Amino acid sequence: MKYSPERFAALVKEFHEAEERILSHKGTEYADDVDRLENFHQQALIQKCKPADIALTYLLKHVLAIAKAVQTGQYEWAWEGSHGEGLRQRFADARNYLLLLAACIDEVAGSGEG
C-alpha cells in the first residue's frame, strides 16, 4: 500500500487548519489578551512548579493516549469519538502542546532565566 504525496499534503493541511482553530478557541478560553501562557503561569504557581512542567504534563497526556491507541489498535480515527476526543483530536492537541511548551521555554530562555 502506498500513501500518495497528495494525500499526505491534504492531511497536513487538515491538521494545520484544525490546530489553528483549536489554538485560537482555547487561547481565548484559557488566556487573556496580554499573556498567552496565563493558564500555565497560574497552574505553575498553584502546583509550585514551572509553566513548562504544566505544558509537558498536558503534552504527555495526549502522547500516552496516542501510544495506548496504537498499541491496542483501539481508536476512532476521527476528530470526535464516541467517548470524547477522537485520535485526530489527540494528535492536534499534542502538536499544539508542543508549541505551547516551546513558548514556555522560549519565555524563560528569552528572559535570561533559563
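Up top you'll find the structure we're talking about.
Residues numbered from 1 in each chain as written. Predicted model: local features only at pLDDT ≥ 70, side-chain atom pairs only at ≥ 80, totals over all residues. Heavy atoms only, no water.

Draft legend 1. View of the overall build of the protein chain. A tally of helices and strands in the protein chain yields 4 helices and 2 strands. Its helices and strands taken in sequence order, the protein chain reads α-α-α-β-β-α from the N to the C terminus. In terms of overall dimensions, the protein chain has a C-alpha envelope of 50 × 30 × 25 Å along the principal axes. Out of the 114 residues belonging to the protein chain, those deemed buried represent 29%. Of the contacts formed within the protein chain by residues at least 6 apart in sequence, a portion of 55% connects residues at least 24 apart. Surface exposure of the protein chain reaches about 8,200 Å², of which carbon and sulfur atoms provide 58%. If the 13 positive side-chain charges of the protein chain are averaged to one point and the 18 negative ones to another, these points end up 9 Å apart. (Helix = DSSP H or I, 4+ residues; strand = E, 2+ residues; numbered from the N terminus. Buried < 20%, exposed > 50% of the residue type's maximum accessible area, 1.4 Å probe, protein only. Contact = heavy atoms within 4.5 Å. Areas by Shrake-Rupley, 256 points an atom, 1.4 Å probe, with all protein chains shown as cover. Lys, Arg positive; Asp, Glu negative; His and termini not counted. Charge placed at Lys NZ, Arg CZ, Asp CG, Glu CD.)

Spatial relationships are all this shows, so hold off on functional conclusions.
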